[in-house]
Amino acid sequence: MFEFLTTSGPALLFYLFALMAVAGAVCVVSMRNPMYGAIGLLVCFLSIAALFLLRHAEFVAVVQIFVYGGGIMVLFLFVIMLVNLHRLHETTMLGNYWRTAFVVSLALVAIFGFLFLKVEFGPSFEDPSKFVDALEPGMGNSEAVAWKLYREYLLPFEIASVFLLVAMVGAVVLGRRA
Amino acid sequence: MANYLPILVFILVAVLFLAASLIAARLLRDAGMGRTNREPYECGNEPETLALDHRFSIRYYLIAVLFVIFDVETVFLFPWAVMFDQLALFGFIEMMIFIAILVVGYIYVWKRGALNWA
Amino acid sequence: MIDPTEFWLLAPEIFLAVAAMLLLVAGSIGRGVRNRPAAAVALLSLVATALLVLWAYGKGGSSEAFLAGMFVLDSYALFLKLLLLIATGLTVTISGRFLEEGGYRPGEYYSLILFAATGMLFMVSGYSLLSIWISLELMALSSYILAGYFKRERKSNEAALKYFILGALSSGVLLYGISLLYGATGTVHVGELAARLGDLVSTGEQPILIAVGWLLLAIGLYFKVAAAPFHVWTPDVYVGAPTPVTAFLASASKIASFAILIRILFEALPALKADWQLITALVACISMIWGNLAALTQDNVKRMLAYSSIGHAGYILIGVLCASEEGLWAVLFYLLAYAFITLGAFGTVIILEQREYAGETYSDYAGLARRSPFLAASMLVFMVALTGIPPTGGFFGKFYLFAAAVEAGWIWVALVGVLTSAISLFFYFGIVVQMYLKPSEDTTPRPMPAVGLASTIAICAIVTVLLGLVPGPLVELAKASLIPLP
């Protein structure tokens, strides 16, 4: 029993969190009460963070919790607060588009399913801990990200801050009453 | 995987604490669940309207968006802080420029009165 | 690893970003800045940026990538940067009216235009898929806000929302493609990507990852240049956005998107040349046919120009798919000519339109030749140029594109181009007929338009005609601004 857990533990954990992520996503689109949908979204975000952790992508996992689990969730809750929910209850969910939506999403699932079944990923994909030592031995994931981001990707990083500034301007320009 | 043991313990403690306090509350509290208990604020004041009955001011949304933007900004601060020593003066200046650009945004938001509630 | 002196090569972009921030802060203090001073500051910063571009190119312009391979300052980037600055400058000069009449704050408006221009300048210099992508996003985000700047008009809200949702979707598709190509090759650097893709393609490794990756990347780019069948956002956004913003989207934004499309296809994906040539040929034909046929049925001039812009994306793609020297300089020539033509045409629309989107239908142009001959004459020039009739820049632009296609063996694509140009005669000349042959119900002469607006239209009309009379100098300039062919 213990041996089974140590050898296939990560795989089991992967399937557990993957299932939770999918269940959360299904909740988001199927729940009539938007609050339940929001909670489903949170479950989805957190499970994806766990999946990142399983791939030894600690930094991305933290970002996932920080930005999506924190910031984006707050945004969603504010939107739920802002719209008039009583009117929402009466509208049909997909309307006339459900067939198109169904076909398109089925096609997407087929394409990506095919992609991931057929593609041979490199050896590092089998052993994610190799990602960590890619740059310098002993360097963690966040350190590796920082090393790349603040040296090689320096100017794109500064452009990102201008981007955030424009986002702020947009929020004020469009959000304020004229 | 062993590195995650503290996190696992932490999660277990969190779950146990929640479960224990819920069970304790159930055991200790009065059996009757009156109307007052079901109100959002059990203070005896009647709520004026239901939360879903009227729309809120767009200002709330503005605040939420600004929150997300500064949230994303802190994400960039985190790896920088981890590697502060190795990135040296170069990294310090770089981050100061990053923050200066966002301070421009902050001044703009402030001066435009987006943070005033009245 | 990074040589700080290399930052001088991007001094123009940094200067423009700082200017935009100063304008933003100045516009937010107290009652803000007035329209004319704000426009003057924006124009001056664009001129200064253009001078800085020339200076930076003289200092170290070469086809070598710098800043850890993130950016490049070659003659191609130089040509496009100057063109983008001109298009942005002309947008600034036609923007005053709607800001003054609608009572919208000019400070933020002009600084958003400058921020978008900053993103565009970074885009055409980008040499890593990531630096290109983040610059593209800077441009796109500024454009979404500008499209919704008519805050009190429902149509403008609709335009901003549609543009944002479909734009975000296309950016996501683009990024997905980049990530799959990164998964296959382990790099986002344009030069390295080309080399590794070449190896992988010749050994036949990872065919699916590469195919889906480049297709998603290309689809994202077709979205950005508004080519059919990825054009659905275009008509509503072009109609709903304030007209100066529409002009900006149809000229500068389109030029910058084409610039990165060509850079990525030519320099990052030369190994897949045969594949993307075929797909681009299909997209070009669908755009030409759909854009021109849909434009036939329009009653609103702005919407007609939106479909016409889809059609022109198709014409420009003809030059791209040739993947030859002739095709590339023909594209550069056409981008410049099209920028002037389309800015002039939208400038004319601005003069005629009134509040709440009135004055935009064909019948509003009836008898314009009698009421204001100058305006009618310049609109005639733009319509003639869009159809591709001499003596205008539009004629030589299309002529060079079709000639390049025939030379490269894409005769059927050139044929579709010629046929759709013939169709386009009907809707472009629909306006001409209204202006010159139909009597007007309203005989009062139009009030003189503002000096900035009138002179912009005059400049655009003169340049359009000049390009049709003496195309030589621009052709030479375009020929000197090529990138390595795939």
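## Focus on the overall build of chain C
For step 1, the next point in the chain: Scanning chain C from terminus to terminus reveals 20 helices and two strands.
For step 2, the next point in the chain: Along the first, second and third principal axes, the C-alpha set of chain C runs to 70 × 55 × 40 Å.
For step 3, the next point in the chain: For chain C, the residues scored as buried account for 62% of the 486 residues in total.
For step 4, the next point in the chain: Contacts in chain C between residues at least 24 apart in sequence constitute 80% of all its contacts with a sequence separation of at least 6.

## Some points on the overall build of chain A
For step 1, the next point in the chain: Check the secondary structure of chain A and you find nine helices and zero strands.
For step 2, the next point in the chain: Secondary structure elements of chain A occur, N-terminal to C-terminal, as α-α-α-α-α-α-α-α-α.
For step 3, the next point in the chain: In chain A, which comprises 178 residues, the share counted as buried stands at 25%.
For step 4, the next point in the chain: Sequence-distant contacts in chain A: of pairs separated by 6 or more residues, those separated by 24 or more amount to 49%.

## What about the interface of chain B and chain A?
For step 1, the next point in the chain: Every contact between the two is made by 35 residues of chain B and, on the other side, 36 residues of chain A.
For step 2, the next point in the chain: When contributions to the side of chain B that touches chain A are tallied by element, the ones reaching two or more residues are α3 (58-82) and α4 (84-111) of chain B.
For step 3, the next point in the chain: Top contributing element to the side of chain B that touches chain A by residue count: α3(B), with 18 residues.

## Some details on helix α9 (residues 154-175) of chain A
For step 1, the next point in the chain: If you check α9(A), its first and last C-alpha atoms are 31 Å apart, about what 22 residues at 1.5 Å a residue would give, namely 32 Å.
For step 2, the next point in the chain: Burial runs high along α9(A): 19 of the 22 residues are buried.

## What to know about the packing of helix α7 (residues 154-185) of chain C against helix α8 (residues 190-203) of chain C
All names here are of chain C.
For step 1, the next point in the chain: Axis separation between α7 and α8 bottoms out at 10 Å; the angle between their running directions is 65°. In terms of crossing hand, the pair formed by α7 and α8 is left-handed. Only Leu193, Arg196, Leu197 and Leu200 of α8 make contact with α7, whose side of the interface consists of Leu181, Ala184 and Thr185.
For step 2, the next point in the chain: When grouped by side-chain class, the residues that make up the contact of α7 with α8 number five nonpolar, one polar and one charged.

## Considerations on the environment of Tyr127(C)
All names here are of chain C.
For step 1, the next point in the chain: In this fold, tyrosine 127 is placed in the loop between α5 (106-125) and α6 (129-147).
For step 2, the next point in the chain: Measuring from C-alpha to C-alpha, the distance between tyrosine 127 and valine 188 comes to 8.9 Å, with 61 residues separating the pair along the chain.
For step 3, the next point in the chain: Not counting residues up to four positions away in its chain, the partners in contact with tyrosine 127 are Ala65, Gly69, Met70, Phe71, Val72 and Val190.

## As for the interface of chain A and chain C
By a widespread convention, an interface's size corresponds to the accessible area lost as its parts come together.
For step 1, the next point in the chain: Listed as interface residues are 21 residues of chain A and, on the opposing side, 28 residues of chain C.
For step 2, the next point in the chain: Mapped by element, the contributors of at least two residues to the side of chain A that touches chain C are α5 (98-118), α8 (141-152) and α9 of chain A.
For step 3, the next point in the chain: Each residue belonging to the side of chain A that touches chain C can be placed in one class, and the counts come to 17 nonpolar, one polar and three charged.

## Considerations on the domain arrangement of chain A
All names here are of chain A.
For step 1, the next point in the chain: For chain A, the assigned domains are domain 1 (1-91), domain 2 (95-125) and domain 3 (133-178).
For step 2, the next point in the chain: Each side of the interface is counted separately: domain 1 has four residues, and domain 3 has four residues.
For step 3, the next point in the chain: For the side of domain 1 that touches domain 3, the residue count by class is two nonpolar, one polar and one charged.

## A look at the nonpolar core
For step 1, the next point in the chain: Counting residues in hydrophobic clusters, the biggest one holds 257 residues, and the most contacted among them are Met168(A), Leu84(C), Ile255(C) and Leu335(C).
For step 2, the next point in the chain: Per element, the largest residue contribution to this core is 21 residues, and it comes from helix α14 (residues 325-352) of chain C.
For step 3, the next point in the chain: If you count residues domain by domain, this core takes at least three from each of domain 1 (1-91) and domain 3 (133-178) of chain A.

## Points about unusual backbone geometry
Both trends apply: most residues other than glycine have a negative phi, and most peptide bonds are in trans.
Residues and elements named next belong to chain C.
For step 1, the next point in the chain: A cis amide bond links alanine 228 with the next residue in sequence, proline 229, at an omega value of 5°.
For step 2, the next point in the chain: Relative to the assigned elements, proline 229 resides in the loop between α9 (207-224) and α10 (234-240).
For step 3, the next point in the chain: Of note in this structure, leucine 67 is not a glycine but carries a positive phi near 50°.
For step 4, the next point in the chain: Backbone geometry at glutamine 206 places phi at a positive 45°, although glycine is not the residue there.
For step 5, the next point in the chain: Within the secondary structure, glutamine 206 is located in the loop between α8 and α9.
For step 6, the next point in the chain: Classification of glutamine 206 as buried rests on a count of 22 C-beta atoms within 10 Å.

## Some points on the packing of helix α13 (residues 301-322) of chain C against α14(C)
Residue and element names in this part refer to chain C.
For step 1, the next point in the chain: Relative orientation of the contacting elements α13 and α14 amounts to 170°, with a least axis distance of 8 Å. Between α13 and α14, the interaxial angle falls into the category roughly antiparallel. Contacts between α13 and α14 involve Val301, Lys302, Leu305, Ser309, His312, Ile316, Gly319, Val320 and Cys322 on the former and, on the latter, Glu326, Gly327, Leu328, Ala330, Val331, Tyr334, Leu335, Tyr338, Thr342, Ala345, Phe346 and Val349.
For step 2, the next point in the chain: For the contact of α13 with α14, the per-class residue count stands at 14 nonpolar, five polar and two charged.

## Details of the environment of Ser202(C)
For step 1, the next point in the chain: Structurally, Ser202(C) is set in helix α8.
For step 2, the next point in the chain: C-alpha separation for the pair Ser202(C) and Ala247(C), spaced 45 residues apart in sequence, amounts to 44 Å.

## Re the pairing of strand β1 (residues 62-66) of chain C
For step 1, the next point in the chain: Sheet analysis places β1(C) next to strand β2 (residues 71-73) of chain C, joined by three bridges and oriented antiparallel. Bridge assignment links Phe66(C) to a residue of β2(C), and that residue is Phe71(C).

## What to know about the confidence of the model for chain C
For step 1, the next point in the chain: For chain C, per-residue confidence averages 91 on the pLDDT scale, and residues scoring 70 or more make up 97% of the total.
For step 2, the next point in the chain: In the predicted assembly, ipTM is 0.92 and pTM is 0.91.

## Overview of helix α1 (residues 5-28) of chain B
For step 1, the next point in the chain: Here α1(B) is 24 residues long and its end C-alpha atoms lie 34 Å apart, about the 34 Å a rise of 1.5 Å per residue gives.
For step 2, the next point in the chain: Little of α1(B) sits inside the fold, with zero of its 24 residues counted as buried.

Calculation notes
The numbering scheme is per chain: residues are counted from 1 as the chain's sequence reads. Lettering of chains starts at A and numbering of ligands starts at 1, both following the order in which they are written. In view of the model being predicted, local features appear only for residues whose pLDDT reaches at least 70, and side-chain atom pairs are presented and counted only at 80 or more, with totals across whole chains, interfaces and linings using the full set of residues. Strands here are runs of E lasting at least two residues and helices are runs of H or I lasting at least four, both read from the DSSP assignment and numbered beginning at the N terminus. The exposure scheme places C-beta atoms from the backbone and then counts, for each residue, the other C-beta atoms within 10 Å of its own, assigning buried at 20 or more, exposed at 12 or fewer, and partly exposed in between. C-beta atoms are placed from the backbone for every residue, and two residues are taken to be in contact when these atoms lie within 7 Å. Under the convention used throughout, the expected extent of a helix is 1.5 Å for every residue step, that is, one less than its residue count. Under this scheme, a helix contributes an axis fitted over its contacting stretch, all axes are lines through C-alpha atoms, and angles between N-to-C directions fall in the 0 to 180 degree range. Handedness of a helix crossing follows the sense of rotation of the near helix relative to the far helix, less than a right angle counterclockwise being left-handed and clockwise being right-handed. Each residue is assigned to one of three groups, with Ala, Val, Leu, Ile, Met, Phe, Trp, Tyr, Cys and Pro labelled nonpolar, Asp, Glu, Lys and Arg labelled charged, and all others, Gly among them, labelled polar. As annotated, the domain borders come from an automatic or database domain assignment. In plain words, the nonpolar core is the set of buried Ala, Val, Leu, Ile, Met, Phe, Trp, Tyr and Cys residues that C-beta atoms within 7 Å link up. In what follows, roughly perpendicular refers to angles from 65 to 115 degrees, roughly parallel to angles under 35, roughly antiparallel to angles over 145, and oblique to any angle outside these ranges. Should DSSP find at least two bridges between two strands, the strands are taken to pair. Confidence scores per residue from the predictor, reported as pLDDT, run from 0 to 100.

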